[in-house]
Amino acid sequence: MTDHRYDLVVLGGGSGGYAAALRAAELGRSVALVERGLLGGTCLHRGCVPTKALLHTAEVADAVRHAGAVGVSATLDGVDGQTALDWRRALVAGKHRGLTSLVAARGITVVEGEGSLVLTADRPAVRVGDDLLVGSDVVIATGAASRALPGAPFGARVIDSERALELADVPSRAVVIGGGVIGVEFASAWRSLGAEVTIVEAAPSLLPNDDADAVKVLDRSFRRRGIALEMGASVTGVSEEPGSASVAIRRADGSEAALEADVVLVAIGRAPATDGLGLDEAGVARTRGFVDVDADLRTTAAHVWAVGDIVPGPQLAHRGFRHGIFVAETIAGLSPAPLDDTAIPRVTYSTPEIAAVGLTESQAIEAHGADAVETATFALAGNAKAEIVSAGSDVRGGIAKVVRRKDGPVIGVHLAGLGVGELVTEGQLAVAWEAHPEDLAPLIHAHPSQSEALGETFLALAGSPLHSL
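Residues numbered from 1 in each chain as written. Predicted model: local features only at pLDDT ≥ 70, side-chain atom pairs only at ≥ 80, totals over all residues. Heavy atoms only, no water.

Enquirer: Tell me about the overall build of the chain, residues and numbers included.
Expert: Per the secondary structure count, the chain includes 13 helices and 24 strands. Here the C-alpha radius of gyration of the chain, 24 Å, is about what a compact globule of 469 residues would show, namely 23 Å. Expressed as lengths along the three principal axes of its C-alpha atoms, the size of the chain is roughly 70 × 60 × 45 Å. Here the chain, with 469 residues, has 50% of them falling under the buried criterion. In the structure as shown, the chain presents an accessible area of about 20,700 Å², 51% of it carried by carbon and sulfur atoms. One finds the centroid of the 39 positive side-chain charges in the chain at a distance of 1 Å from the centroid of its 58 negative side-chain charges. (Helix = DSSP H or I, 4+ residues; strand = E, 2+ residues; numbered from the N terminus. Rg over C-alpha atoms; globule rule 2.2 N^0.38 Å. Buried < 20%, exposed > 50% of the residue type's maximum accessible area, 1.4 Å probe, protein only. Areas by Shrake-Rupley, 256 points an atom, 1.4 Å probe, with all protein chains shown as cover. Lys, Arg positive; Asp, Glu negative; His and termini not counted. Charge placed at Lys NZ, Arg CZ, Asp CG, Glu CD.)

Okay, structure coming up:
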């Protein structure tokens, strides 16, 4: 066994891991980064980036399909799935080259292989084959993996999101099990590309963690687009044949049905990838696979930290990125701003998009009481830019909704509509800075822009609505 010593050893090269490595190197620390696959992890190679590329292909198809509504003669002759897949792969490869170059330029040692945590006499370390990488501190950033349905392993036609991104052909019929972010995004993309799609969700609505008013916009739009929704339905069985697959469901009213498909996408969440890392033996406590951490992301083992999807909370790449920076700065003796999951923006990149930050109306009422919460909602149907961008589309309107404490700050911002994910940063600033609507109402939003809808909600909560009653 050969020992190598560093100030920081990071296990996992995804969003949280490489962010920790880059920031630590920037602060003058010697860093080793262990990754068994490719730098960038799930987000870059099998998640966020290729999924959004697939969704862009779908958006272009929709734009061609609806071009006649604005005077452009165009015909959608079909979708070349292989060309779309090749473009996604090329996009990812380019981003990977850029990340690899950046890591190398910072002087970070990249070690390829399976790593596991061990404790030496004085410090934690990561073992990779015959090498022992001893760190003054170790960061665990191994991410998450797709969950399979009990009794229904993944196969040729029962697949997870990672396998779905590798399909060269758009399925003719798809059943999506799970109405969360992943399920909604794939259902939206496949429908735009010509598939017949059914979503099966055990909860009463799509995106059960989002604001009910925003989700209603998504629900109506999906039904208008021809996406079948089986809400409040449980899956009782999944079978796979050489040429098809079938999902048996039981609806809330007790009736049963069998849904036939070419592909069944299982999107019921992602489990933390913490097994087989030696965490238990090293004294790192876990709960249902997630690593137990304090407010500063310290684990129960000295000088061992955890970031990203293995930490309980929303599994978002940008959350992991923030975690990595936070830990690197904390180790370096700096005092980074405290972490707050409620101030992290979240976007579902479907058609329409759902974007949010802070508390939903129901969460705010539960936390503060109904009498202490005020909301204002502005319909995007009254916004000129929103009407322009949705011309000819099956998506009509949308909303901007702001939640505040009565006579107090903004504590939640919720958006539904085409392209509204680009507006959520303004909402994040309002929530994170505890701004009052009265502070925001005088700010001028460009006209015409969908951002004006947020301005209208701030005006309404400040008592001076301009375009609403």
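Next comes the rest of the description.
Enquirer: Any details on empty space enclosed by the protein? Residues and values, ideally.
Expert: Summary: where empty space remains is shown by rolling a probe the size of a single water molecule over the atoms. The full count for this structure, using the stated rule, is five cavities of 30 Å³ or more. In this structure, the largest cavity encloses a volume near 100 Å³. If you trace the largest cavity, you find 13 residues lining it, with L54, R88, L167, V170 and L193 closest to the centre. Secondary-structure elements contributing two or more residues to the lining of the largest cavity are α3 (48-65) and α4 (81-105). The element that contributes the greatest number of residues to the lining of the largest cavity is α4, accounting for three residues. For the lining of the largest cavity, the class distribution of residues is nine nonpolar, two polar and two charged. (1 Å grid on protein atoms, 1.4 Å probe; cavity = no way out; pocket = protein on both sides within 12 Å on 5 of 7 lines; lining within 4 Å. Points joined across faces, edges and corners; volume = space filled by probe spheres on them. Nonpolar A, V, L, I, M, F, W, Y, C, P; charged D, E, K, R; others polar.)

Enquirer: Can you break down the environment of L39 residue by residue, with the values?
Expert: Considering the arrangement of structural elements, one finds L39 in the loop between β2 (31-35) and α2 (41-46). For L39, a relative accessible area of 6% corresponds to the buried category. Put simply, L39 and L99 are 60 residues apart on the chain and 7.3 Å apart in space, counted from C-alpha to C-alpha. When near neighbours in sequence (up to four residues on either side) are disregarded, L39 contacts G13, L33, L44, H45, H96, L99, T100, V103 and V110. (Contact = heavy atoms within 4.5 Å.)

Enquirer: Please set out the pairing of strand β15 (residues 263-266) residue by residue, giving values where relevant.
Expert: Of the two faces of β15, the one holding V263 and L265 and the one holding V264 and V266 are both buried throughout. Relative to β15, strand β9 (residues 173-177) runs parallel, the two being bridged by four bridges. Across the sheet, V175 pairs through a bridge with V264, a residue of β15. (Pairing = 2+ DSSP bridges.)

Enquirer: Any details on the packing of aromatic side chains? Residues and values, ideally.
Expert: By the definition in use, this model includes two aromatic pairs. Judged by centre distance (6.0 Å) and plane angle (70°), the rings of Y18 and F321 are edge-to-face. Remark: F321 occurs in helix α8 (residues 317-331) and Y18 occurs in helix α1 (residues 15-26); sequence separation between them is 303 residues. Among the residues examined, Y18 registers a relative accessible area of 18% and is labelled buried. (Phe/Tyr/Trp six-rings, centres within 6.5 Å; stacked < 30°, edge-to-face > 60°.)

Enquirer: Please provide a residue-by-residue account of the pairing of strand β24 (residues 410-417), values included.
Expert: Across the eight residues that make up β24, a large majority, eight, are buried. Across six bridges, the pairing between strand β21 (residues 353-358) and β24 is antiparallel. Note on β24: the bridge partner recorded for I354 is A416. In this sheet, β24 lies alongside strand β23 (residues 399-405) in antiparallel orientation, the contact comprising six bridges.

Enquirer: Explain the side chain of E35 residue by residue, including any values.
Expert: Here E35 is to be found in strand β2. Here E35 is buried and forms no salt bridge, its nearest opposite-charge partner R36 lying at an N-O distance of 5.3 Å. Of the polar contacts made by the side chain of E35, one reaches the backbone nitrogen of G13; its length is 2.7 Å. Once you skip the residues sitting within four places of it in the chain, E35 turns out to touch G12, G13, G14, V111, E112 and G113. (Salt bridge = Lys/Arg side-chain N within 4 Å of Asp/Glu carboxyl O. Polar contact = N/O pair within 3.5 Å; in protein donor to acceptor, adjacent residues only side chain to side chain.)

Enquirer: Can you explain the layout of surface pockets? Please cite residues and give values.
Expert: Estimates place the volume of the second largest pocket at around 530 Å³. Considering the residues around the second largest pocket, the lining is formed by 21 residues, among which E59, D62, T351, S393 and L418 are closest to the centre. Among the elements of the structure, α3, α6 (181-192) and α10 (384-389) are those that each provide at least two residues to the lining of the second largest pocket. The biggest single contributor to the lining of the second largest pocket is α3, with four residues. The residue makeup of the lining of the second largest pocket, split by class, is seven nonpolar, seven polar and seven charged.

Enquirer: So what about the packing of α3 against α6? Which residues, and what values?
Expert: The N-to-C vectors of α3 and α6 enclose an angle of 35°; their axes lie 8 Å apart at closest approach. Note on packing geometry: the crossing formed by α3 with α6 is left-handed. Residues T51, K52, L54, L55, A58, A61, D62 and R65 of α3 lie in contact with α6, whose contacting residues are E185, F186, A189 and S192. Taken together, the residues that form the contact of α3 with α6 break down as six nonpolar, two polar and four charged. (Axes fitted to C-alpha atoms, helices over the stretch in contact; angles between N-to-C directions. Left-handed = near helix turned anticlockwise from the far one by under 90°.)

Enquirer: Before we move on, can you summarise the sheet that holds strand β12 (residues 234-240) with the specific residues and values?
Expert: Here three strands make up an open sheet; going across it, the order is β12-β13-β14 and the pairing antiparallel. Both edges of this open sheet fall to β12 and β14 (256-261), since each of them pairs with a single strand only. The mean angle between the axes of side-by-side strands here comes to 20°, regardless of whether they run parallel or antiparallel.

Enquirer: Go over α3 with me, naming the residues and quoting the values.
Expert: Given a rise of 1.5 Å per residue, 18 residues ought to cover 26 Å, and the 26 Å separating the end C-alpha atoms of α3 matches this to within 8%. Buried residues in α3 make contact with α2, α4 and α6. (Expected span 1.5 Å × (residues − 1).)

Enquirer: Report on the pattern of salt bridges, specifying residues and quantitative values.
Expert: All chains considered together, the criterion is met by 23 salt bridges. Ionic pairing is found between E185 and K52, a salt bridge with its closest N-O pair at 3.0 Å. Note that E185 is positioned in helix α6 and K52 in helix α3, a separation of 133 residues in sequence. Residue class for E185 comes out buried when judged on its relative accessible area of 4%. Taken together, the salt bridges that share partners define one network made up of D211, D213, K216, E361 and K401.

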